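# Coordinates in review
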Amino acid sequence: MSAMIKLAQLCVIVTLAACGASGDNELRQWMVEQRSQTRPKIAPISEPKQFIPESYGQVATTEPFSNQKLTQALKRDSTQAAANGALIAPELARRREALESFPLDAMTLVGSMTRTGQPVALVKVENLLYQVRPGNYLGQNYGRVTKIAETEVTLREIVQDATGEWVERTATLQLQERSK
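Here is what the cut-offs are and how they apply
Residues numbered from 1 in each chain as written. Predicted model: local features only at pLDDT ≥ 70, side-chain atom pairs only at ≥ 80, totals over all residues. Heavy atoms only, no water. Patch = residues over 30% accessible without salt bridge, like charges linked within 9 Å, V, L, I, M, F, W, Y side chains within 5 Å. Areas by Shrake-Rupley, 256 points an atom, 1.4 Å probe, with all protein chains shown as cover. Salt bridge = Lys/Arg side-chain N within 4 Å of Asp/Glu carboxyl O. Helix = DSSP H or I, 4+ residues; strand = E, 2+ residues; numbered from the N terminus. Buried < 20%, exposed > 50% of the residue type's maximum accessible area, 1.4 Å probe, protein only. Pairing = 2+ DSSP bridges. Axes fitted to C-alpha atoms, helices over the stretch in contact; angles between N-to-C directions.

On to a nonpolar patch on the surface, then. Judged by side-chain polarity, L27, W30 and M31 come together as a nonpolar surface patch covering roughly 310 Å² of accessible area. When you line up the elements, M31 lands in helix 2 (residues 22–37).

Put into C-alpha cells, the structure is as follows:
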C-alpha cells in the first residue's frame, strides 16, 4: 500500500512541476515584440479630380427646365386633349331621356322583339316596362344603345377617366331569366 501512496505522490509532484511559468514568460515577451513591430499598411487616397464647369452652349434654344418649356408642353397637351375630348365628349346640350336617370344595375332586360323591321328591347325599371331601340340612351354614363340582340343590349358609354378626359367603354345589359 505504501508503494501506491509513493506512486501517487510522485504523480502529484510531476504534475506540479509541469505547471511552472518558465515558458509562459517567453511567449508573452514574443507577443509584445510582434505587436510593436507590426504596422498596418494604409494606401494613400488619390487626389480628387479638378472640376471644370462648362457653359450652356444652346442659349438660343429654350432651356430644358425653364417655365417657358413647361408652359409649351402643357399647352400642347391641353390642345391635344381638347381635340380628343371633342370627338368623344357626351352631348350635354341634348334633352335627356327617361332611362338616363337610372343606373344600369337598376335595369333588367326582360326580352326583345322586332317591330317594323327594327329590334326593340324590353327593359324593366322600378316595375315599369320600357321599349328601347338602337340610338336610345340608357344609364347615367351617357350610354347609347348600339346593338340589340336576343339576349343582350350593347351600349357605348362615355365616362371621364382619372385625368378628366372623356373615354369610351362598352357596357352590356344581359337578359335576366326568371327564377321560379
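Now for the pattern of salt bridges. Tallying each qualifying case throughout the model produces 4 salt bridges. Across the pair D24 and R28 runs a salt bridge, and its minimum N-O distance is 3.4 Å. Placement of the pair is D24 and R28 together in helix 2, with a separation of 4 residues, close to one helical turn. With relative accessibility at 34%, the residue D24 sits in the partly exposed group. Of the residues examined, R28 reaches a relative accessible area of 53% and is grouped as exposed.

Before going further, it helps to spend a moment on the sheet that holds strand 1 (residues 108–115). Spatially, 3 strands are ordered 1-2-3 in an open sheet, and the strand pairing comes out antiparallel. With one partner strand each, in any of the chains shown, strand 1 and strand 3 (128–132) form the two edges of the open sheet. Along the sheet, successive strands turn relative to each other by an average axial angle of 25 degrees, direction set aside. Bridging between strand 1 and strand 2 (residues 118–125) involves 7 bridges; their strand directions are antiparallel. The residue of strand 2 that forms the bridge with G111 is L122.

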